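# Residue-level structural notes
Below are the chains, spelled out letter by letter.
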There are 2 protein chains.
Amino acid sequence: MTRVLVVDDEPQITRALVINLKARKYDVDAASDGATALQLAAARHPDVVVLDLGLPDMDGVEVIKGLRGWTRVPILVLSARHSSDEKVEALDAGADDYVTKPFGMDELLARLRAAVRRAEPTGGGEDDVIVETAAFTVDLAAKKVHRDGRDVRLTPTEWHLLDVLVRNTGRLVGQRQLLQEVWGPSYGTETNYLRVYMAQLRRKLEADPSHPKHFITEPGMGYRFER
Amino acid sequence: MTRVLVVDDEPQITRALVINLKARKYDVDAASDGATALQLAAARHPDVVVLDLGLPDMDGVEVIKGLRGWTRVPILVLSARHSSDEKVEALDAGADDYVTKPFGMDELLARLRAAVRRAEPTGGGEDDVIVETAAFTVDLAAKKVHRDGRDVRLTPTEWHLLDVLVRNTGRLVGQRQLLQEVWGPSYGTETNYLRVYMAQLRRKLEADPSHPKHFITEPGMGYRFER
DNA sequence: GCGGGGCATCAGGGTTGCGTCAAGGACGTC
DNA sequence: GACGTCCTTGACGCAACCCTGATGCCCCGC
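All figures in this text were calculated on a predicted structure; none of them were measured in a lab.

Moving on to helix α3 (residues 60-68) of chain A. Residue and element names in this part refer to chain A. For α3, every residue scored as buried is listed here: G60, V61, V63, I64 and L67. For α3, the angular spread of the buried residues around the axis is 155°, confining them to a single face. Structurally, α3 contributes buried residues whose contacts are with α2 (34-44), β3 (48-52), β4 (75-79) and α4 (84-93).

Now for the sheet that holds strand β12 (residues 222-225) of chain A. Residues and elements named next belong to chain A. Read from one edge to the other, the open sheet built from three strands follows the order β10-β12-β11, with strand pairing classed as antiparallel. The open sheet terminates on both sides in strands that have one partner only, identified here as β10 (172-174) and β11 (215-218). Going from strand to strand, the sheet's axes swing by 30° on average, the running direction of each strand aside. One ladder, built from three bridges, connects β10 with β12; its direction is antiparallel. Bridge pairing in β12 links G174 to G222. In the packing of helix α7 (residues 175-183) onto the sheet, the strands contacted are β10 and β12, and the crossing angle to β10 comes to about 70°. Sheet contacts for helix α8 (residues 191-205): β11 and β12; angle to β11, the most-contacted strand, approximately 150°.

With that settled, consider the pattern of salt bridges. Residue and element names in this part refer to chain B. The full count for this structure, using the stated rule, is 38 salt bridges over all chains. Of the charged contacts, one joins E86 and R81 as a salt bridge, the two residues approaching to 2.3 Å between their closest N and O atoms. Taking relative accessible area as the criterion, E86 reaches 21% and is therefore assigned partly exposed. Overall, the relative accessible area of 49% leaves R81 in the partly exposed class.

The next subject is the side chain of B:T14. Residue placement: B:T14 occurs in helix α1 (residues 11-23). Its relative accessible area of 12% is what places B:T14 among the buried residues.

Now for the layout of surface pockets. Taken as a whole, the second largest pocket spans an internal volume of roughly 320 Å³. When residues of the lining of the second largest pocket are traced back to their parent elements, those giving at least two are β5 (97-100) and α5 (105-119) of chain A together with β5 (97-100) and α5 (105-119) of chain B. Across the lining of the second largest pocket, the residue classes tally to eight nonpolar, five polar and six charged.

Glancing now at the packing of aromatic side chains. Tallied over the entire structure, the rule returns 12 aromatic pairs over all chains. Measuring from ring centre to ring centre gives 6.1 Å for B:F136 and B:F215, while their planes differ by 5°; the resulting arrangement is stacked. Of the two residues, B:F136 is situated in the loop between β6 (130-132) and β7 (137-139) and B:F215 in strand β11 (residues 215-218); the sequence distance between them amounts to 79 residues. With a centroid separation of 5.4 Å and an interplanar angle of 50°, the aromatic rings of B:F215 and B:F225 are classed as tilted. Of this pair, B:F215 sits in strand β11 while B:F225 sits in strand β12 (residues 222-225); the two residues are 10 residues apart in sequence, bridging distant segments of the chain. Each of the two residues, B:F215 as well as B:F225, counts as buried. Grouping aromatic residues by their ring pairs yields a cluster made of A:W183, A:Y187, A:Y193 and A:Y197. Above the face of the A:W159 ring, A:K143 is positioned so that its terminal group lies 5.6 Å from the ring centre.

Analysis parameters
- Residues numbered from 1 in each chain as written.
- Chains lettered and ligands numbered in written order.
- Predicted model: local features only at pLDDT ≥ 70, side-chain atom pairs only at ≥ 80, totals over all residues.
- Heavy atoms only, no water.
- Buried < 20%, exposed > 50% of the residue type's maximum accessible area, 1.4 Å probe, protein only.
- Helix = DSSP H or I, 4+ residues; strand = E, 2+ residues; numbered from the N terminus.
- Arc of directions from axis to C-beta.
- Contact = heavy atoms within 4.5 Å.
- Pairing = 2+ DSSP bridges.
- Axes fitted to C-alpha atoms, helices over the stretch in contact; angles between N-to-C directions.
- Salt bridge = Lys/Arg side-chain N within 4 Å of Asp/Glu carboxyl O.
- 1 Å grid on protein atoms, 1.4 Å probe; cavity = no way out; pocket = protein on both sides within 12 Å on 5 of 7 lines; lining within 4 Å.
- Points joined across faces, edges and corners; volume = space filled by probe spheres on them.
- Nonpolar A, V, L, I, M, F, W, Y, C, P; charged D, E, K, R; others polar.
- Phe/Tyr/Trp six-rings, centres within 6.5 Å; stacked < 30°, edge-to-face > 60°.
- Lys NZ or Arg CZ within 6 Å of the ring centre and 35° of its normal.

What follows is the structure, encoded as structure tokens:
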């Protein structure tokens, strides 16, 4: 769940924001002054901060700088000041967006979504899904198989087949489904393809290919991957 | 130098933006309609896009979607419409910021700086900037490759390709992804480009180009950089 | 015991994909 | 206008992959 930190000293605005955010399944923390805000940010590590610049204890820009000293969390500034200088100062201090009061809740939420989306891990992040068995290790994202300390090379078809099986770990995958997912929708009866490629996968990955422990045949039905 | 793509069909606004941006040492491209914008974005790979929603040939939101199909480049929307719905639609389509006309140039530039700053490489530190292998050293930030005590010269396309591969060290990068990231979204099947440029990279960087240790071919799928 | 269906394994051949080289053309520089 | 660099494109040999058929095994029903 996305965590939002709301910082505002006007209770009615804070309340409105909190209600709207919680209704949209955000996890919300709230602070009414800068010191509390910095403390909460450090303790709770929010995914995005909504910050009113007019705080009782310190300048809003100082809060931004305080945050930027250690985090790149998106900061969405809220302010009654329309002055261009204020905006420039806040943005250059490290704010990500600047919304002037009064604001439309729809717009604010859209800007919030944009800020959160931007901060999401890049496509090439390391959200690798790794599946381990006693005999080998599969990294689906990197398309890598490790076994006995060395990489195993698989052909595209072998990968495709392994991919479908591993994504259904423990479940039986029917022959027809395997054929259609790997070879295309017009296939469904060419079970000999499966036999050939299952044999290759076993030869490359199983400790004892003729007595497979991970690529199990379910006669007449399909195959199952067990780790 | 930061490259900006300005998309607007009103010449006076475009001119004002271009002049201001160039004065601040930005590298500026300009387009007056959506088709040109998409084409220029693919060809020039800007670091940020300033996009007017009111274009003659297509809906601005379509331009956003067209860009988001293949790139996360920051998009700063410019529009005469103040309606909340328009803003929400543009932001949810993938825009990063939304500024209504008339706008203050100072504010716009500050928002632009914020957008560019955000897109900078993650603050992981400087441990990722330099990648070392047994044969050579790559400095992605400085755009330098060192090998056997001397600098290796790479062409822009070679750099781009190396960049994508190194940023995905250890991971397989599909040929379609490589083509689209290096040559643009309209490419995807021209695998001969890859073959030619991979050969050049290998010739310049590998100790034994015909038996590559770092630029690994995965037949039928793509390439992988290993250090 | 006998026959049949489904499965594992192997080996061959057609086809695809890769590496390499070289030539042509666009672009910028001097 | 000549030159050099870079990108594109085509052709060729070669290796790898995918498909296919043949063979033999095991399990099961008759």
